[in-house]
Amino acid sequence: MYQFTEDICIGIKEIDEEHEGFFSLINEAQAMLDESGIEVKVVATEVVKRLKDYAITHFAHEEAYMKKIGDSELASQKIEHADFTEKMNAISIEAYDDDAIRKTMTELLEYLSHWLFKHIIGSDSLIGKFESQYAFTSKYHVGVKKIDEEHARLFEIIADANRVIHADYLYDKYDEIVRILTELRDYTQVHFRDEEAIMKKINYPELPAQKKAHALFEEKLAEINLEEVDDNQQDYLEELVDYLLRWLSVHILHMDKKIGDFATTEG
């Protein structure tokens, strides 16, 4: 039996559940192969298919989560996942007899359990540990649903920019940078107008100060020199993302949270 124990939980519920499911699937596979009177090749073929399908689904979920939080380790995780998938795709039992198939499958399941354990401890346990600043957590909640939803989206866009910074597989990042900056500019304008409309509706007294802060931030975005980005992509984007994250965090904590407090008091 290959046990999934608490010491390999990484603290992300969805991923931990899928890791546990992976170990359960390995154990089920071993139990099936240990049964007597089975058509070994048929069972082994089904086992390999189930393991491949589960791995593909899990890797997709894990990578999507990492992309969402802007985890800089995403590129290296993708490489590890691809290596594992290649190993699985290389498995061929068509020419084997039953004894050889049982031996091959036992070795495969042992390899899978060791790989999974090592991968969780060495790689998955680091997911989000260095990128938590890009997560929209409860401390940023204003208490106004529309504002919170739009703030969360802004965090996602900035996290996307961070992903591009550390995407070693992208040699020329210019197109991705342009896409992200365009999306950020457009969405920021939409968000500011929505937020200002909400403040106007509740007669929020600090609306003029908010409008000024919004205008200054929009000017900053408008001043971004895309030619400079193209010449010095890495440094420029690192500085820009750092600025965007700091501005958004400070603005929410020191200005926008007061909107929620006012709305609650007046309501």
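Quantities reported herein were computed from a predicted structural model and do not represent experimental measurements. (Residues numbered from 1 in each chain as written. Predicted model: local features only at pLDDT ≥ 70, side-chain atom pairs only at ≥ 80, totals over all residues. Heavy atoms only, no water.)

A.B. asks: Describe the side chain of Ser249, with residues and values.
C.D. replies: Mapped onto the elements, Ser249 comes out in helix α9 (residues 233-266). On the basis of relative accessible area, Ser249 is assigned to the buried category, the value being 13%. From its side chain, Ser249 meets the backbone oxygen of Leu245 in a polar contact 2.8 Å long. Discounting chain neighbours no more than four positions away, the residues touching Ser249 are Tyr140 and Phe155. (Helix = DSSP H or I, 4+ residues; strand = E, 2+ residues; numbered from the N terminus. Buried < 20%, exposed > 50% of the residue type's maximum accessible area, 1.4 Å probe, protein only. Polar contact = N/O pair within 3.5 Å; in protein donor to acceptor, adjacent residues only side chain to side chain. Contact = heavy atoms within 4.5 Å.)

A.B. asks: Outline the packing of helix α2 (residues 40-69) against helix α5 (residues 145-165), supporting the account with residue identities and numerical values.
C.D. replies: In the contact formed by α2 and α5, the axes pass within 6 Å of each other and the chain directions differ by 105°. Our classification of the angle between α2 and α5 gives roughly perpendicular. Contact residues: α2 offers Lys67, Lys68 and Ile69, while α5 offers Glu156, Ala159, Asp160 and Arg163. (Axes fitted to C-alpha atoms, helices over the stretch in contact; angles between N-to-C directions. Parallel < 35°, antiparallel > 145°, perpendicular 65-115°, else oblique.)

A.B. asks: Give me the pattern of salt bridges: which residues, what numbers.
C.D. replies: Scanning all chains against the criterion turns up 15 salt bridges. Glu107 is the salt-bridge partner of Lys103, the closest N and O atoms lying 2.6 Å from each other. With Lys103 and Glu107 both in helix α4 (residues 98-122) and four residues apart, this pair spans about one turn of that helix. In this structure, a network of salt bridges that share partners links the residues Arg153, Glu156, Asp160, Glu176, Arg179 and Glu183. (Salt bridge = Lys/Arg side-chain N within 4 Å of Asp/Glu carboxyl O.)

A.B. asks: Before we move on, could you go through empty space enclosed by the protein and cite the residues and values that matter?
C.D. replies: Think of a ball as big as a water molecule: rolled over the atoms, this probe shows where empty space is left. Taken as a whole, this structure holds four cavities of 30 Å³ or more when the rule is applied. Along its surface, the largest cavity is lined by Leu154, Ile158, Leu184, Thr188, Phe192, Phe217, Leu244, Trp247 and Leu248. Those elements that place two or more of their residues in the lining of the largest cavity are α5, α6 (174-201) and α9. Of the residues assigned to the lining of the largest cavity, the class counts are eight nonpolar, one polar and no charged. (1 Å grid on protein atoms, 1.4 Å probe; cavity = no way out; pocket = protein on both sides within 12 Å on 5 of 7 lines; lining within 4 Å. Points joined across faces, edges and corners; volume = space filled by probe spheres on them. Nonpolar A, V, L, I, M, F, W, Y, C, P; charged D, E, K, R; others polar.)

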